[in-house]
Amino acid sequence: MRKQSFLIPLIILLVSVVSLAQPSTEPYGPQALTILDARKFHWSPDGNAYWQFQSGELVQVDVKTGTKTTLIKKEQLIPQGATQPIRVLAFDYLPTLKKAVLYTNAKRVWRYPTRGDYYVLDLASNSLKKLGASRPESSLMFAKLSPNGTQAAYVSGHNLYVEDLSTGTAKALTTDGTDRLINGTFDWVYEEELDCRDGFRWSPDGKYIAFWTVDARKIRNFLMINNTDSTYSFNVPVEYPKAGEKPSPTFVKTVEVATGKITPIQIPGEPDNNLLPRMEWIPGSQELLIQQLNRRQQVSTLYVANGTTGTAKAINTEKDDAWVDVRSNWAESEVTNWYWLAGNKEFLYLSEKGGWRQLYRVTKEGKETLVSAEPYDIIKIYTVDEKNGWVYFSASPTNATQQYLYRLKLNGKGKAERLTPATYAGTNDYEISPNGLWAQHDFSSANTQPTQSFISLPSHKAADGKSLPELKPGRMKVEFFQVKTSEGTVMDGWMVKPTNFDSTKRYPVVFYVYGEPASATVTDQFGVGYNRLFQGSMADKGYIYISLDNRGTPAPKGREWRKAIYRNNGIINAKDQALATQEVIKWPFVDKDRIAIWGWSGGGMSTLNALMQYPDVYQTGIAIAAISNLHLYDNIYEERYMGIPAEAEADYLKGSPISHVKNLKGNLLYIHGTGDDNVHYQNAEVLINELIKAGKLFSLMIYPNRTHSISEGQGTSQHLSKTYTDFLLKNCPPGAR
């Protein structure tokens, strides 16, 4: 997913299965550690308190009274033979099992630090033991305990292991794992584009483990080159399937823990022409629910499989002329797309098949019932209170830039009830307790500083009975607006005007663009309107700063809006941006001769296409880590939005910036890191060749061995910022005229 955002400060996440900020939705056992931040909280099982690491100790905090109780002390976190406690990065506290699982010494796998060291703290004996003691340092992934707490399973070296906690004896459940035959986790593209990282699940009874195997042996390496860290350069290989390459054959299997017997799940279809993005045990059973996508990602099939025999039966099929979106919209999970209820006989499921992202109840036999029939998108599901018959979710029916809390009866009767008060106009996010009585409420808007508080539900009043935090204005004045293009498309935008703005004068405009299905930029939350790459204040310098969301961005505006970009990436987004810019240029205070645009990653491609397809609209562009040829990006992302290249070659060609180089008139600065394993530096050299061939002059800044974030190395961020700022000041001069 080629996404780069500068709207809010980056929080590094170790993403896997279930957020530690939420309780497990499964009643049968602990789940994987997921957040690389032990300050995040778990709800306690009764939902009236939360757990959080504070000053190196795990404490329980009562939501209503604020009373703190220490659950784990620093002294309990000192390994045998050591003098200092381990630095806990993530944890799972399991009071019913009298154990805690602790994660430390994280190392990055691709873009996320998903391998490290795990310790188990036995609260009954007060003993701290390291898992996988015979394995290399920082090599364990996704360790989690069996439902009865006697064993731990983890991945190391692409093999799945189980360890007896009483004896420390570990055995391999798979032995064929290599760098290209991957058990219990995933390859680069599954991680990047399907949010798949943790690749195994304990069965509810603890007798089996279900796991993925990814066979990436036919996927070619892309070779990056390191020229700076030794006298002779060397290759840095990345297993990376480009658009047009078949997916890695992927399988779901189960293994009987006691015997090591492995049973493949018999999912129909050719493994190298399908994807298996989701799999979970059905609670309280020996059955699995597995989702399969065809390669074009236009057909999603749900299978119920027997975990002991491997047989599978299709129960539900969804089709879309564009693509079926499998990205999770459930707050408590990055990857699970369903929630079991009614004694595990049916589940809740989100789908856009009706034109909006709506909620359905689906039985194990596949019978569907629409729950949320109102014509607007559900943005995120927070929790399900089956006991009282409610589902809590976020939506914003009348303003796609905002987000509010709603609840709806699980039987679908009546209209959804908005719980967020009108005072909180902007973006509202929640962590809702298992009992549905409390929530942590996070609020901000473009012009209001972030606040966080605990509230009671459904009243939305302070949990402690006192006043809620005062809302304080932000430092900038951000204005939201809509613009209607000559084709009739209505686009949302935000704008920051210059300090001491004079409407009788004309100012330059700098557009920040992303424009692809991975991210929207026009959201009413704190941080929009701020450009971290610009040294100083753009407003003080005299720039108008604007961002617009085109069709194809994932705004809650319905399926038609989001999927208009299918086989139109690089075309419809460039057109919408340019036509909207032409309307902005008509404003009396805009200088049409000083129009700049910039973006990163997919936004870099949008910048190149805007500058080259509409050379009379934009005079200056800064493209960072951009895709120059759609063929050069990965298969799962590009084929999802553009189709298979052999069937859509004309569309790939039309959407690629290299096809429009001859039209370039303006000032272009291109920036890329040679160590980018996401959008390869290859894109830069392919673009440079075309610019040279067309006789076009441009500016170039290359950062050796920097990844997609261009952040590594002393002085890198400062140098990037200065490069960006100097080019903008020179080629799009600021100030009123």
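Residue numbers run consecutively from 1 along every chain, following the written order of its sequence. This being a predicted model, a pLDDT of at least 70 is required before a residue's local features are given, and a value of 80 or more before pairs of side-chain atoms are given or counted; all residues contribute to the totals for chains, interfaces and linings. Heavy atoms throughout the structure, all of them, feed into the side-chain values; hydrogens and water do not.

Undergrad: Honestly, helix 5 (residues 602-613) in this entry has me stumped. Any pointers?
TA: A run of H or I in DSSP becomes a helix once it reaches four residues, and a run of E becomes a strand once it reaches two; helices and strands are each numbered from the N terminus. The span one expects for a helix is its residue count, reduced by one, times 1.5 Å. Helix length check: helix 5 (12 residues) gives 16 Å between terminal C-alpha atoms against 16 Å at 1.5 Å per residue, within 8%. Relative accessibility under 20% of the residue-type maximum defines a buried residue, over 50% an exposed one, and the middle range a partly exposed one, all with a 1.4 Å probe and only protein chains included. Among the 12 residues in helix 5, 12 count as buried, and that is most of the element. Among the residues making up helix 5, those that are buried are Gly602, Gly603, Gly604, Met605, Ser606, Thr607, Leu608, Asn609, Ala610, Leu611, Met612 and Gln613. Contacts: residue pairs with any heavy atoms within 4.5 Å of one another. Looking at the buried residues of helix 5, the elements they touch are helix 4 (572-585), strand 40 (590-600), strand 41 (620-624), helix 7 (649-655), strand 42 (667-673) and helix 8 (682-693).

Undergrad: Sorry, what's going on with the nonpolar core here?
TA: Here is a general trend for soluble globular proteins: nonpolar side chains tend to be buried in one another's company. Take the buried residues of types Ala, Val, Leu, Ile, Met, Phe, Trp, Tyr and Cys, join any two whose side-chain atoms come within 4.5 Å, and each joined set is a nonpolar core. Ranked by size, the top nonpolar core spans 48 residues in total, and within it Tyr190, Leu288 and Ile290 carry the most contacts. Among the secondary structure elements, those contributing two or more residues to this core are helix 1 (188-194), strand 15 (208-215), strand 16 (221-226), strand 20 (274-281), strand 21 (287-294), strand 22 (299-306) and helix 6 (635-642). Contact partners of leucine 288, with chain neighbours within four places excluded, come to Ala210, Thr254, Ile265, Met279, Glu280, Trp281, Ile282, Tyr303, Val304, Ala305 and Gly307. Residues Ala578, Ile585, Phe589 and Val590 belong to the second largest nonpolar core, which totals 38 residues.

Undergrad: Hey, could you run me through the pairing of strand 7 (residues 112-122) in this one?
TA: Buried residues dominate strand 7, accounting for 8 of its 11 residues. Only strands joined by at least two bridges in the DSSP assignment are considered to pair. Between strand 6 (residues 99-109) and strand 7, which pair antiparallel in sequence order, lie 2 residues; one of them, tryptophan 110, sits at a positive phi of approximately 60°. Pairing of strand 7 with strand 8 (residues 127-130) involves 4 bridges; the strand directions are antiparallel. Each residue of the ladder has a partner; that of leucine 121, found in strand 8, is leucine 128.

Undergrad: Is there a simple way to explain the side chain of glutamate 352 in this structure?
TA: One can find glutamate 352 in the loop between strand 25 (346-351) and strand 26 (358-363). Residue classification places glutamate 352 among the buried positions, given a relative accessible area of 6%. Not counting residues within four places of it along the chain, the set of residues in contact with glutamate 352 comprises Glu318, Asp325, Arg357, Arg559, Arg562 and Lys563.

Undergrad: Can you help me understand the pattern of salt bridges in this one?
TA: Opposite charge on two side chains makes pairing possible when the charged atoms of those side chains draw close. Any carboxyl oxygen of Asp or Glu that lies within 4 Å of a side-chain nitrogen of Lys or Arg is treated as forming a salt bridge with it. Under the definition given, this model contains 34 salt bridges. Here arginine 217 and aspartate 215 are joined by a salt bridge, their closest N and O atoms 2.8 Å apart. Judged by its relative accessible area of 15%, aspartate 215 falls in the buried class. As a salt-bridge pair, glutamate 352 and arginine 562 come within 2.8 Å of each other at their nearest N and O atoms. One end of the pair, glutamate 352, is in the loop between strand 25 and strand 26; the other, arginine 562, is in helix 3 (residues 559-562), and 210 residues separate them in sequence. On the accessibility criterion, arginine 562 (4% relative accessible area) is buried. Connected through salt bridges with shared partners, the residues Asp320, Glu352, Asp377, Arg559, Arg562 and Lys563 form a single ionic network.

Undergrad: What exactly am I supposed to notice about the domain arrangement of the chain here?
TA: A common way to state how big an interface is: give the accessible area lost once the parts meet. Domain annotation for the chain reports domain 1 (25-172) and domain 2 (478-731). Reported domain spans reflect what an automatic or database domain assignment gives. Centre-to-centre, using C-alpha coordinates, domain 1 lies 42 Å away from domain 2.

Undergrad: What should I look at first to understand the packing of aromatic side chains in this one?
TA: Each pair of aromatic rings is reported with the distance of its centres and the angle of its planes. Pairing of aromatic side chains requires ring centres within 6.5 Å, counting the rings of Phe and Tyr and the six-membered ring of Trp. Pairs whose planes differ by under 30 degrees are stacked, by over 60 edge-to-face, and all others tilted. Using the criterion set out here, one finds 29 aromatic pairs in the structure. Measuring from centroid to centroid gives 5.1 Å for tyrosine 424 and phenylalanine 443, while their planes differ by 75°, and the two rings are edge-to-face. On the criterion of sequence distance, the pair formed by tyrosine 424 in the loop between strand 31 (417-418) and strand 32 (427-432) and phenylalanine 443 in strand 33 (residues 438-445) is long-range, its members being 19 residues apart. Overall, tyrosine 424 belongs to the buried group, its relative accessible area being 6%. Judged by its relative accessible area of 3%, phenylalanine 443 is buried. By way of ring pairs, the aromatic residues Trp323, Tyr566, Tyr633, Tyr637 and Tyr641 are connected into one cluster. Only when the NZ atom of a Lys or the CZ atom of an Arg is both within 6 Å of the ring centre and within 35 degrees of the ring normal do we say a charge sits over the ring. Cation over ring: lysine 144 sits above phenylalanine 200, and NZ or CZ is 3.4 Å from the ring centre. Over the ring of tryptophan 561 we find lysine 557; its NZ or CZ atom is 4.0 Å from the centre of that ring.

Undergrad: Mind showing me how you'd approach the sheet that holds strand 2 (residues 49-54) here?
TA: Think of a sheet as strands paired side by side through backbone hydrogen bonds, with each pair either parallel or antiparallel. Strand order across the open sheet formed by 4 strands is 1-2-3-4, with antiparallel pairing between neighbours. Two strands close off the open sheet at either side, each with one partner strand: strand 1 (42-43) and strand 4 (68-72). Where strand 2 and strand 3 (residues 57-62) come together, 6 bridges link them in antiparallel fashion. By the bridge assignment for strand 3, tryptophan 51 is matched with glutamine 60.

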